[in-house]
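Residue-level structural notes
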Amino acid sequence: MASITLMGTGGPRLDARRATSLLLRSGAEEVLIDTGRGAIHGLAEAKADFRNLTRILITHHHFDHIGDLYDVILTTWLEGRRAPLLIQGPPGTKRIVDGLLTQIYDRDLTWRSLGEPAHGGWSPVVAEDIGLGEPVTGQGWEAVAHEMSHGHGLPTLPAAFLKRWICYGYRFSLGGKVFAFSGDTVDCPGLRGLAAGADVLALCCWTAGSLLTTDHLKKLARHTLACGDTVGKIAQECGVKHLVLTHLRPNAPPEMLAALREEVARDFSGTLSIAHDGLCVEIG
Ligand SMILES: [Zn+2]
């Protein structure tokens, strides 16, 4: 039996009730997807067993998805992780991890490894950049990265930047079921491929479509983050069974969440969850 726990359902803007990360449990193995603000507290709340946390998958390099990466690397070790930790993500992931370990926190790491021998020797971290369509495997699961569109249509971002701005969603196959996690995206061919026939699709959704009343929000919904005007249609057309909406705008009032639920339910006939931190969803 596999399940996901949405430990973070917010974004970059501060919301004390919403962090940004997700935990997949497949048998005994724990796979952390993204390490945004509060990830380690989310793992503690979810009662993760750090001895079984051996993998982190990163969707993209916005700080609300990687900001607490070192906290997770170090604290899981201090709290019981002994196996090597494999961190995989889009091109640039290895450079970020290596920079954290060898340039930014190298003194902290040496101090804790050699100055506090009670923790045992340092449990190593291996980072890898993975390519689109290249399968990554774990215990009883396989995942493939699909390319998402997250700001790629914004005319103000230079072409040279966009070449190295690569954003992934992950499509997991496990025990005959499919779990798809979009990361951050708007509607695009990669998202359609990711979501096709998924048993559970966790999809970003910033706000209700009825609230897209300013040029700023209309541009955001078109280029940066999917909103209530599209998410139900995407899930319906892709044959998704259970749609879980996450990455919600900060401090979303109950009336916004109610409007979102109503409009998405008009477009989507499957099971609909609007996530909150701590929500656990079984996959099959
Ligand atoms: Zn992002």
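Look up: the structure comes first, before these words.
Here the structure is a predicted model, which means the values were calculated and not measured.

A tally of regular secondary structure across the protein gives 10 helices and 14 strands. Here the C-alpha radius of gyration of the protein, 18 Å, is about what a compact globule of 284 residues would show, namely 19 Å. Counting only C-alpha atoms, the protein reaches 60 × 45 × 35 Å along its principal axes. Here the protein, with 284 residues, has 45% of them falling under the buried criterion. In the protein, once contacts between residues fewer than 6 apart in sequence are set aside, the share between residues at least 24 apart is 67%.

Ranked by size, the top nonpolar core spans 80 residues in total, and within it F179, L201 and L203 carry the most contacts. Sequence-distant contacts of L201, that is, excluding residues within four places in its chain, are made with A180, A195, A235, V240, L243 and V244.

Read from one edge to the other, the open sheet built from seven strands follows the order β7-β8-β9-β10-β11-β12-β13, with strand pairing classed as mixed. In this open sheet, the two strands that pair with only one neighbour each are β7 (136–137) and β13 (271–274). The pairing of strand β9 (residues 168–174) with strand β10 (residues 177–181) spans five bridges and is classified as antiparallel. Across the sheet, the residue bridging to R171 is A180, located in β10.

Turning our eyes to something else, we now look at the pairing of strand β2 (residues 20–26). Counting buried residues along β2, seven of its seven residues qualify, which places the element largely inside the surrounding structure. Because side chains alternate across β2, one face comprises the buried residues T20, L22, L24 and S26, and the other comprises S21, L23 and R25, equally buried. Summarising the sheet, strand β1 (residues 2–9) and β2 pair through seven bridges and their orientation is antiparallel. Within the sheet, the bridge partner assigned to S3 lies in β2 and is R25. Connecting β2 to the antiparallel partner strand β3 (residues 29–33) that follows it, the hairpin turn spans two residues, and G27 within it adopts a positive phi of roughly 60°.

Turning next to the pairing of strand β8 (residues 141–147). In terms of residue burial, β8 counts as a mostly covered element, since five of its seven residues are buried. Here two bridges tie β7 to β8, and the two strands are oriented antiparallel to one another. Paired with T137 across the bridge in β8 is E142. As paired strands, β8 and β9 are joined by seven bridges and run antiparallel to one another. Within β9, the residue paired with A145 across the bridge is Y170.

We now examine the environment of G153. Relative to the helices and strands, G153 resides in the loop between β8 and α6 (159–163). Separated by 70 residues in sequence, G153 and H223 have C-alpha atoms that sit 5.6 Å apart.

In this section: the environment of I96. Residue placement: I96 occurs in helix α4 (residues 93–104). Its 18 C-beta neighbours within 10 Å are what place I96 among the partly exposed residues. Once the C-alpha coordinates of I96 and A127 are considered, the two residues, 31 residues apart in sequence, prove to be 9.0 Å apart. Excluding residues that lie within four positions of it along the chain, I96 makes contacts with H61 and I66.

Here we come to unusual backbone geometry. Positive phi is not limited to glycine here, since K47 has a value of about 55°. You can see K47 is positioned in the loop between α1 (39–45) and β4 (53–57). For K47, a count of 7 C-beta atoms within 10 Å corresponds to the exposed category. Even without glycine at this site, H247 takes up a positive phi of about 60°. Tracing the chain through its elements places H247 in the loop between β12 (242–246) and α10 (254–267).

Judged by pairing direction, the sheet is mixed, and its seven strands sit side by side in the order β6-β5-β4-β3-β2-β1-β14 without closing on themselves. Strand pairing shows two members of the sheet lacking a second neighbour, β6 (125–129) and β14 (279–283), which therefore form its edges. Neighbouring strand axes in the sheet, compared pairwise and without regard to direction, differ in orientation by 20° on average. Where β3 and β4 come together, four bridges link them in parallel fashion. Counterpart to E30 in the pairing with β4 is L53. Contacting β5 (85–89) and β6, α4 runs over the sheet at an angle of about 150° to β6.

Reading the values: rules and limits
- Numbering of residues starts from 1 in every chain and runs along the sequence as written.
- Given that the model is predicted, a residue must reach a pLDDT of at least 70 before its local features are reported, and side-chain atom pairs must reach 80 or more before they are shown or counted; all residues, however, enter totals for whole chains, interfaces and linings.
- In this description a helix means any DSSP run of H or I spanning at least four residues, a strand means any run of E spanning at least two, and both kinds are numbered starting from the N terminus.
- Each radius of gyration is computed over the set of C-alpha atoms, and the globule rule expresses the reference value as 2.2 Å times the number of residues to the power 0.38.
- Using C-beta atoms placed from the backbone, we call a residue buried if 20 or more other C-beta atoms fall within 10 Å of its own, exposed if 12 or fewer do, and partly exposed for counts in between.
- A pair of residues counts as a contact when their C-beta atoms, built from backbone coordinates, are separated by no more than 7 Å.
- By definition, a nonpolar core groups buried Ala, Val, Leu, Ile, Met, Phe, Trp, Tyr and Cys residues that are joined through C-beta atoms within 7 Å.
- Strands are labelled as partners when DSSP assigns at least two bridges between them.
- Note on geometry: axes are C-alpha line fits, over the in-contact stretch for helices, and angles between N-to-C directions span 0 to 180 degrees.

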